Amino acid sequence: MLFKTQLAMFVRGLKGIPLPQRCAVCGRRCEGFKIICSDCEQKLNSLRFVKHYMIDKKSRKRIFVLGKYADTMKSAVAALKYKNQPELALALGHELGEAFEASPIYKQNLTLVPIPMNREKELKRGYNQAELITRGIHDICGGFRGTRLESHALVRVKATQPLYQFGAADREKEIAGCMKIGKFSHHSTAGVVLVDDVFTTGATVREAIRVFESAGIPVYGVLAVATTNKAFKVKDK
Ligand SMILES: [Zn+2]
């Protein structure tokens, strides 16, 4: 696990906030200031892509993803969504931020914007995992490196049904008009980078791109923790 995540957990210990005693992904006991056990960490590493980015054919934008949405990565995403594990979202954001910063498509002065959730869902969950992942990325690429964080630049104005139940055309229809520009204090000329937990068909991010671009705000690309897209490859074992 990244040093930054361990440091955050150490500070949390100093502040007297109880440390998680169990792995955020598998629930087994884990030692020290770690939130992911060595076993899960190793499995997550084996799902990391060799090359993290590609160009989405439909939007023509750079899509940058940490790893394959399968096995332990699936459990990790499920844990941060449904098992109240916000620290895990931050830790995955740190990993994603570090990989992005080390990649050839990294650029300074970008503006990070999380994909917003349905409001009711967010209120129920207590957090938007995409926003926490974005904060993790910002921990790595922000500050003097110039990447900005605009957590509420995009807001939901219409609740949508879960997209997996729709075919491609109906997905686009369901998602159309569900977001608008929210509180946006400043955007750089380098452009916006949208952040989501999982990149599937890209219907949601394409709608977000449309919203920004129709407001004259350039979109540089998309960052996600995991994807089901088969164009990305993990290392051969
Ligand atoms: Zn584990």
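Going by the structure above, here's the rest.
Quantities reported herein were computed from a predicted structural model and do not represent experimental measurements.

Student: Sorry if this is basic, but what is going on with the overall build of the protein here?
Tutor: A count of helical and extended segments in the protein gives eight helices and eight strands. Taken over C-alpha atoms, the radius of gyration comes to 17 Å for the protein, in line with the 18 Å a tight globule of 237 residues would show. Projected onto the principal axes, the alpha-carbon positions of the protein cover approximately 50 × 40 × 35 Å. Taken across its 237 residues, the protein has 51% of its residues classed as buried. Across the protein, the fraction of contacts at a sequence separation of at least 24, relative to all contacts at a separation of at least 6, is 72%. Just so you have it, the protein exposes about 12100 Å², and 52% of that area is on carbon and sulfur atoms. Averaging the locations of the 39 positively and 22 negatively charged side chains of the protein gives two centres separated by 1 Å.

Student: I tried to follow the coordination of the zinc ion on my own but got confused; where do I start?
Tutor: Each pair of donors in an ideal four-coordinate tetrahedral metal site encloses 109.5 degrees, whereas pairs in an ideal six-coordinate octahedral site enclose 90 or 180 degrees. Protein coordination at the zinc ion: the donors are Cys23 (SG), Cys26 (SG), Cys37 (SG) and Cys40 (SG), at 2.3 Å from the metal. Viewed at the metal, the four donor atoms of the zinc ion are separated by angles of 105 to 115 degrees, and the geometry they form is tetrahedral. Looking at Cys26, the relative accessible area reads 33%, which means it is partly exposed.

Student: Quick question: what am I supposed to make of the pairing of strand β3 (residues 111-114) here?
Tutor: The two faces of a sheet get side chains in turn, since along a regular strand they alternate between them. Residues of β3 alternate between two faces, with Thr111 and Val113 on one and Leu112 and Pro114 on the opposite face, all of them buried. In this sheet, strand β4 (residues 148-149) lies alongside β3 in parallel orientation, the contact comprising two bridges. Residue pairing across strands places Leu112 opposite Leu149, the latter belonging to β4. With four bridges joining them, β3 and strand β7 (residues 192-199) adopt parallel strand pairing. Following the sheet pairing, Pro114 is matched in β7 by Val195.

Student: Help me understand the packing of aromatic side chains in this model?
Tutor: Any aromatic ring pair is given by two values, namely how distant the centres are and how the planes are angled relative to each other. Enumeration according to the criterion identifies four aromatic pairs in this entry. Aromatic side chains Phe49 and Phe232 sit 4.9 Å apart centroid to centroid with 25 degrees between the ring planes, which places their arrangement in the stacked category. With Phe49 in the loop between α2 (38-46) and β1 (53-55) and Phe232 in the segment after β8 (219-227), this residue pair connects regions lying 183 residues apart in the sequence. Considered together, Phe49 and Phe232 belong to a single accessibility category, that of buried residues. Ring plane angle 80 degrees and centroid distance 5.3 Å describe the contact between Phe100 and Tyr106, whose orientation is recorded as edge-to-face. Side by side, Phe100 and Tyr106 carry an identical accessibility label, which is buried. A cation over a ring is seen here: Lys51 above Tyr53, with NZ or CZ 5.0 Å from the ring centre. The ring of Tyr220 carries Arg62 above its face, with NZ or CZ at 4.0 Å from the centroid.

Rules and cut-offs
- Residues numbered from 1 in each chain as written.
- Predicted model: local features only at pLDDT ≥ 70, side-chain atom pairs only at ≥ 80, totals over all residues.
- Heavy atoms only, no water.
- Helix = DSSP H or I, 4+ residues; strand = E, 2+ residues; numbered from the N terminus.
- Rg over C-alpha atoms; globule rule 2.2 N^0.38 Å.
- Buried < 20%, exposed > 50% of the residue type's maximum accessible area, 1.4 Å probe, protein only.
- Contact = heavy atoms within 4.5 Å.
- Areas by Shrake-Rupley, 256 points an atom, 1.4 Å probe, with all protein chains shown as cover.
- Lys, Arg positive; Asp, Glu negative; His and termini not counted.
- Charge placed at Lys NZ, Arg CZ, Asp CG, Glu CD.
- Donors = N, O, S within 2.8 Å, 3.2 Å for Na, K, Ca; no water.
- Tetrahedral: all angles 85-135°; square planar, octahedral: opposite > 155°, others 65-115°.
- Pairing = 2+ DSSP bridges.
- Phe/Tyr/Trp six-rings, centres within 6.5 Å; stacked < 30°, edge-to-face > 60°.
- Lys NZ or Arg CZ within 6 Å of the ring centre and 35° of its normal.

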